[in-house]
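Residue-level listing of the chains:
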Amino acid sequence: EELYPDLIPGDPLKFVDREAYPDRIKRYQGKTGLKDAIITGRGTIEGVSLLIAVTDYFFMAGCMGSVVGEKITRLAEDAIEMRLPLVIVAASGGGARMQEGVLSLMQMAKTSAAIAKMREAGVLYISVLTDPTMGGAMASFASLGDVVIAEPKALIGFTGPDVMKETIGATLPEGFQRTEFALEHGLIDMIVDRKDMRRTLKQLMDLCMPAESPTGREQ
């Protein structure tokens, strides 16, 4: 069941580069069938209820604007109210959406604050990192899960390796921003292949949600 389907991005800066921002949005809406770079909803995994969000790399590289931040924040608030676990699957190669200026940048703090409230309330948040998860997403909601899962060999980090090499002039370790390196250095908790993801999420929700939670198996 999709949630908040009518949220669409505004054009606060009247931004124009190669094309006007509203025109770019319409182009990506036509390409993906989405209204923005995220879809949110409520559903079940093997009978366990949850709230879920998935960002889409094919909508402006999954970069985070006001709609992405607002939907994640609403989901976090609903998760607290409903006592439901939240799963966010990130496929965001872009950072904050420059066409929305500081309104986009503030979504990093906004989503982080919403997830912090979830932690205070004792509600489970699982973050799933796919290839790629970079920039503003990784610097905020994507790295803040109670459990952080990544798919094999996914590119995860803040700034891409080519940009870092050009900026600091250093050769980075082999596989520096791949999930295997991140697991070895404690940035993530586990690597899970997509074919095993459903079972893993189910097991984590069974283990981590309190027994009195209403998330249990639906009758």
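Residues numbered from 1 in each chain as written. Predicted model: local features only at pLDDT ≥ 70, side-chain atom pairs only at ≥ 80, totals over all residues. Heavy atoms only, no water.

**Observations regarding the overall build of the protein**
1) Next: Counting secondary structure elements, the protein contains seven helices and six strands.
2) Next: Starting at the N terminus, the α and β elements of the protein follow one another as α-β-β-α-β-α-β-α-β-α-α-β-α.
3) Next: Taking 219 residues into account, the globule formula puts the C-alpha radius of gyration at 17 Å, and the protein, at 17 Å, falls close to it.
4) Next: Each principal axis of the C-alpha distribution contributes one length, and for the protein these read about 55 × 45 × 30 Å.
5) Next: Looking at the 219 residues of the protein, the share that counts as buried comes to 46%. (Helix = DSSP H or I, 4+ residues; strand = E, 2+ residues; numbered from the N terminus. Rg over C-alpha atoms; globule rule 2.2 N^0.38 Å. Buried < 20%, exposed > 50% of the residue type's maximum accessible area, 1.4 Å probe, protein only.)

**Things to note about helix α7 (residues 197-208)**
1) Next: If you check α7, its first and last C-alpha atoms are 16 Å apart, about what 12 residues at 1.5 Å a residue would give, namely 16 Å.
2) Next: Those residues of α7 that fall on the buried side of the exposure criterion are M197, T200, L201, K202, L204 and M205.
3) Next: Those residues of α7 that are buried are in contact with β1 (38-45), β2 (48-55), β3 (86-90), β4 (125-129), β5 (147-150) and β6 (190-191). (Expected span 1.5 Å × (residues − 1). Contact = heavy atoms within 4.5 Å.)

**Overview of the pairing of β1**
1) Next: Summarising the sheet, β1 and β2 pair through eight bridges and their orientation is antiparallel. Residue pairing in the sheet places I38 in a bridge with T55 of β2.
2) Next: Counting the residues in the hairpin turn of β1 and β2 gives two residues, including E46, whose phi is positive at 50 degrees. (Pairing = 2+ DSSP bridges.)

**Quick word on the environment of I168**
1) Next: Locating I168 in the fold gives a position in helix α5 (residues 161-168).
2) Next: Relative accessible area serves as the criterion here: at 54%, I168 is assigned to the exposed category.
3) Next: Separated by 13 residues in the primary sequence, I168 and F181 place their C-alpha atoms 20 Å from one another.

**Focus: the pairing of β2**
As a general feature of sheets, a regular strand has side chains that alternate between the two faces.
1) Next: Taken across its eight residues, β2 has six buried, putting it largely inside the fold.
2) Next: Where β2 lies against β3, four bridges are found, and the strand directions are parallel. Pairing of A53 across the sheet is with I88, part of β3.
3) Next: Between β2 and its parallel partner β3, the chain crosses via helix α2 (residues 66-82), and the hand of that crossover is right-handed. (Right-handed = clockwise from strand over helix to strand, strands pointing away.)

**What to know about the nonpolar core**
In a soluble, globular protein the nonpolar side chains are often hidden away together inside.
1) Next: Residues L86, L129 and F141 are the most contacted members of the largest nonpolar core, which totals 41 residues.
2) Next: Every element with two or more residues in this core is listed here: α1 (21-32), β2, α2, β3, α3 (102-121), β4, α4 (135-138) and β5.
3) Next: For this core, the leading source of residues is α2, giving five residues.
4) Next: Ignoring sequence-local partners within four residues, the contact set of L86 consists of L51, I52, L75, A76, A79, M118, L124, Y125 and I126.
5) Next: Counting 16 residues, the second-largest nonpolar core is a separate cluster that includes I45, V87, V147 and M205. (Core = buried A, V, L, I, M, F, W, Y, C linked by side-chain atoms within 4.5 Å.)

Shape is all these values report; function is a separate question.
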